[in-house]
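# Coordinate inspection notes
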Amino acid sequence: MQGERYTRTAIWLHWLVAIGVIANIALAWIWPLGDSHPTIGEYVRPMIDTHKSIGLTVLGLAILRLLWRIGHRPPAFPPSYQPWERTLAHIVHWGLYFVIFAMPITGYVMDSAYEHAAATPLHLFGTIEFPRLGFVMNLPPDSKKWVHDTFGEAHELIAKLVYALVVLHLAGALKHQFQGQRELRRMGIGR
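The text that follows walks through the structure, step by step, so that each part is easy to find.

Calculation notes
Residues numbered from 1 in each chain as written. Predicted model: local features only at pLDDT ≥ 70, side-chain atom pairs only at ≥ 80, totals over all residues. Heavy atoms only, no water. Helix = DSSP H or I, 4+ residues; strand = E, 2+ residues; numbered from the N terminus. Buried < 20%, exposed > 50% of the residue type's maximum accessible area, 1.4 Å probe, protein only. Areas by Shrake-Rupley, 256 points an atom, 1.4 Å probe, with all protein chains shown as cover. Phe/Tyr/Trp six-rings, centres within 6.5 Å; stacked < 30°, edge-to-face > 60°. Axes fitted to C-alpha atoms, helices over the stretch in contact; angles between N-to-C directions. Parallel < 35°, antiparallel > 145°, perpendicular 65-115°, else oblique. Left-handed = near helix turned anticlockwise from the far one by under 90°. Nonpolar A, V, L, I, M, F, W, Y, C, P; charged D, E, K, R; others polar. Expected span 1.5 Å × (residues − 1). Contact = heavy atoms within 4.5 Å. Core = buried A, V, L, I, M, F, W, Y, C linked by side-chain atoms within 4.5 Å. Polar contact = N/O pair within 3.5 Å; in protein donor to acceptor, adjacent residues only side chain to side chain.

### Here we look at the overall build of the chain
Secondary structure summary: the chain contains seven helices and two strands in total. Taken from N to C terminus, the helices and strands of the chain fall in the order α-α-α-α-β-β-α-α-α. Principal-axis analysis of the C-alpha atoms gives the chain an extent of 55 × 35 × 30 Å. Looking at the chain residue by residue over its 191 residues, the buried ones come to 38%. Of the roughly 12,000 Å² of accessible surface on the chain, 69% is carried by carbon and sulfur atoms.

Quick look at the structure:
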């Protein structure tokens, strides 16, 4: 029954991206509490830096995932899926591809336009320095502020889309799982 499941590589990429997205959502919810909580306050900067590192990692994994998807056809939907369910599943899947690219790209551009970017290097997980976008960093201050604010707003707006798509994705998977279609098995959970 291997044809009913995604390939092992697709499964690994799916779960690694999912873990990264969930971790980044959690970090984005926690670090604002640092302003009013003395214990969390000292960890705000490391949380933001980790958020950036995870975002760039998710972007790399998303590129690999899309390349894998282009070269490897996913398993067909079970025959019991209604046409509207197939259509909605396609819309949600491609929406998820969009957001896993758009979130890190808008965040990266916003971070490159940060007014103190030159003085605060970006290190992946505290190790190697990751270059920012030089053409953004070298913009005049007014233009750089506009880019920072605009891409920051886009990043927040896309985050709302992430929440909606993740809820739809999980709801669809669980609906089919509870209807006996072994949906989670297709993505490597269970035998």
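The rest of the description comes next.
### Re the packing of aromatic side chains
One pass over the structure, following the stated rule, counts four aromatic pairs. Judged by centre distance (5.9 Å) and plane angle (50 degrees), the ring pair of Trp29 and Tyr163 falls under tilted. Of the two residues, Trp29 sits in helix 1 (residues 8-30) while Tyr163 sits in helix 6 (residues 141-178), which places them 134 residues apart along the sequence. Residue class for Tyr163 comes out partly exposed when judged on its relative accessible area of 32%. Relative to Tyr81, the ring of Phe77 lies with its centre 5.0 Å away and its plane at 25 degrees, an arrangement referred to as stacked.

### Section: the packing of helix 1 against helix 3 (residues 44-71)
The packing of two helices is summarised by the inter-axis angle and the distance between the axes. Axis separation between helix 1 and helix 3 bottoms out at 9 Å; the angle between their running directions is 155 degrees. In terms of orientation, helix 1 lies roughly antiparallel with respect to helix 3. In the crossing of helix 1 with helix 3, the sense of the turn from one axis to the other is left-handed. Among the residues making up the contact of helix 1 with helix 3, the classes are represented as 16 nonpolar, seven polar and one charged.

### A word on helix 1
Helix length check: helix 1 (23 residues) gives 33 Å between terminal C-alpha atoms against 33 Å at 1.5 Å per residue, within 8%. Among the residues making up helix 1, those that are buried are Ala10, Ile11, Leu13, His14, Val17, Gly20, Val21, Asn24, Ile25 and Leu27. In this structure, the buried side of helix 1 is in contact with helix 3, helix 4 (83-112), helix 6 and helix 7 (183-186).

### A few points about unusual backbone geometry
A positive phi angle, close to 50 degrees, is found at Phe125, a residue other than glycine. The residue Phe125 is located in the loop between strand 1 (122-123) and strand 2 (129-130) in this model.

### Looking at the side chain of Glu183
Inspection of the secondary structure puts Glu183 in helix 7. Assessed through its relative accessible area of 13%, Glu183 is described here as buried. Apart from the residues lying within four places of it in its own chain, the contact partners of Glu183 are Tyr81, Ala173, His176 and Gln177.

### Comments concerning the environment of Pro78
Position of Pro78 among the secondary structure elements: in the loop between helix 3 and helix 4. The spatial distance from the C-alpha of Pro78 to the C-alpha of Val147 is 45 Å, given a sequence separation of 69 residues. Beyond its immediate chain neighbours, meaning those up to four positions away, Pro78 contacts Arg86 and Arg186.

### Focus: the nonpolar core
Formed by 26 residues in total, the largest nonpolar core has its most connected members in Val17, Val21, Trp31, Val99, Ile100, Ile158 and Val162. Looking at this core, the elements that each hand over two or more residues are helix 1, helix 3, helix 4 and helix 6. The contact partners of Val21, leaving out residues within four places of it in the chain, are Val58, Ile100 and Val162.

### Observations regarding the side chain of Asp111
Secondary-structure assignment places Asp111 in helix 4. Polar side-chain contacts of Asp111 include one of 2.6 Å to the side chain of Lys52. For Asp111, the side chain forms a polar contact with the side chain of Arg132, separated by 2.6 Å. Once residues lying within four places of it in the same chain are set aside, the contact partners of Asp111 are Lys52, Ala117, Leu122 and Arg132.

### Description of the environment of Gly107
Looking at the element boundaries, Gly107 is found in helix 4. On the basis of relative accessible area, Gly107 is assigned to the buried category, the value being 15%. Separated by 77 residues in the primary sequence, Gly107 and Ile30 have C-alpha atoms spaced 18 Å apart.

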